[in-house]
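# Report on the structure
Below are the chains, spelled out letter by letter.
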Amino acid sequence: SKYTSSIFNPHLAQMVYSAYCPSNARIYDAFGGGGTRGFIATMMEHNYLGVEIRKEEVDRILKKQEETGYKFDIICADSQFYEIEENTYDFSFSCPPYYDLEIYSKLEGDMSNAQTYAEFLQMLKCSLKITYKGLKSGSLCIWVVGNFRPNKGKGELTHFNGDLVRLGLDIGFKLH
């Protein structure tokens, strides 16, 4: 495929769930991606729901579920608009796209296709708002991000960490 398919570190997922996630938690992931966080959550006896915009990725995850026997909910939808039940989830753990650093598809709504970084942040804010709405009071939300260089790594360093913190604070998240 000409598009990127990143692999999330399973050891990091296990460490985060072990350190921060309550037992038998209901977990929401706005960017289900390759399914790693879902498989690890299921192995650790959590109830995971991931949202992924790419149907071929969802189909690949469903096939992997059949092969492994580890089942969890993975929905093919745009996390900017996918409505989740309010005050339902105990924990949220995700890893959003990094603007144009990796292009995942040409689908409308795929944040890696945003024309500008400002547009990307607005799209991301929509997903964060839905995540916030779905979390129970006092729940933790962890999004794995880092600073990056846009334009396929050739642009100026972008302070993505700080931008995501500002978006979260605007929505109502509190830093822990």
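So, here is what we can say about the structure in this document. Being a predicted model, the structure only gives us computed values, none of them experimental.

Its volume calculated, the largest pocket comes out at about 840 Å³. In terms of lining residues, the largest pocket is bounded by 25 residues, among which Cys141, Phe173, Lys174, Leu175 and His176 are the most central. Mapped onto the lining of the largest pocket, the elements with two or more residues apiece are α4 (117-134), β5 (135-143) and α6 (160-171). No other element matches the 9 residues that β5 contributes to the lining of the largest pocket. Computed from the structure, the second largest pocket encloses a volume of approximately 440 Å³. Forming the boundary of the second largest pocket are 30 residues, of which Phe31, Cys95, Pro96, Pro97 and Tyr104 lie nearest the centre. The residue makeup of the lining of the second largest pocket, split by class, is 14 nonpolar, 9 polar and 7 charged.

Even without being glycine, Glu45 reaches a positive phi, approximately 65°. With respect to the secondary-structure elements, Glu45 resides in the loop between α2 (36-43) and β2 (47-52). Look at Glu45 and you get exposed, because its relative accessible area is 58%. In the Ramachandran plot, Asn87 falls in the positive-phi region, its phi being about 50° despite a non-glycine side chain. Counting through the fold element by element, Asn87 comes out in the loop between β3 (73-76) and β4 (89-94).

Looking now at a nonpolar patch on the surface. Taken together, the side chains of Val165, Leu169 and Leu175 define a hydrophobic patch exposed on the protein surface, amounting to about 270 Å² of accessible area. Inspection of the secondary structure assignment puts Leu169 in helix α6.

Turning next to the packing of aromatic side chains. A complete count under the given rule lists 17 aromatic pairs for this structure. A ring pair is formed by Tyr48 and Phe72, whose centres lie 5.1 Å apart and whose planes are at 90°; its orientation type is edge-to-face. In this pair, Tyr48 is assigned in strand β2 and Phe72 in the loop between α3 (55-68) and β3, connecting sequence segments 24 residues apart. Taken as a pair, Tyr48 and Phe72 share a single burial class, namely buried. By the ring-pair criterion, three or more aromatic residues cluster together here, those being Tyr98, Tyr99, Tyr117, Phe120, Phe148 and Phe160. Over the ring of Tyr89 we find Arg26; its NZ or CZ atom is 5.0 Å from the centre of that ring. Above the face of the Phe8 ring, Arg37 is positioned so that its terminal group lies 4.6 Å from the ring centre.

What follows covers the nonpolar core. Ranked by size, the top nonpolar core spans 27 residues in total, and within it Tyr28, Tyr117, Phe120, Leu124, Leu128, Trp143 and Phe160 carry the most contacts. Where this core is concerned, the elements lending two or more residues are β2, α4, β5 and α6. In contact with Tyr117, not counting residues within four places along its chain, are Tyr99, Phe148, Thr158, His159, Phe160 and Asp163. Ala13, Tyr48, Val58 and Ile74 belong to the second largest nonpolar core, which has 18 residues in total.

On to the packing of α4 against α6, then. Packed helices, taken two at a time, are described by the angle between their axes plus the distance between the axes. With their axes 10 Å apart at the nearest point, α4 and α6 run at an angle of 45° to one another. Taken together, the axis directions place α4 and α6 in an arrangement best described as oblique. The handedness of the crossing between α4 and α6 is right-handed. Across from Tyr117, Phe120, Leu121, Leu124, Lys125, Leu128, Lys129 and Tyr132 in α4, the residues of α6 making contact are Phe160, Asp163, Leu164, Leu167, Gly168, Asp170 and Ile171. Looking at side-chain class alone, the contact of α4 with α6 contains 10 nonpolar, 1 polar and 4 charged residues.

About the criteria used
Residues numbered from 1 in each chain as written. Predicted model: local features only at pLDDT ≥ 70, side-chain atom pairs only at ≥ 80, totals over all residues. Heavy atoms only, no water. 1 Å grid on protein atoms, 1.4 Å probe; cavity = no way out; pocket = protein on both sides within 12 Å on 5 of 7 lines; lining within 4 Å. Points joined across faces, edges and corners; volume = space filled by probe spheres on them. Helix = DSSP H or I, 4+ residues; strand = E, 2+ residues; numbered from the N terminus. Nonpolar A, V, L, I, M, F, W, Y, C, P; charged D, E, K, R; others polar. Buried < 20%, exposed > 50% of the residue type's maximum accessible area, 1.4 Å probe, protein only. Patch = residues over 30% accessible without salt bridge, like charges linked within 9 Å, V, L, I, M, F, W, Y side chains within 5 Å. Areas by Shrake-Rupley, 256 points an atom, 1.4 Å probe, with all protein chains shown as cover. Salt bridge = Lys/Arg side-chain N within 4 Å of Asp/Glu carboxyl O. Phe/Tyr/Trp six-rings, centres within 6.5 Å; stacked < 30°, edge-to-face > 60°. Lys NZ or Arg CZ within 6 Å of the ring centre and 35° of its normal. Core = buried A, V, L, I, M, F, W, Y, C linked by side-chain atoms within 4.5 Å. Contact = heavy atoms within 4.5 Å. Axes fitted to C-alpha atoms, helices over the stretch in contact; angles between N-to-C directions. Parallel < 35°, antiparallel > 145°, perpendicular 65-115°, else oblique. Left-handed = near helix turned anticlockwise from the far one by under 90°.

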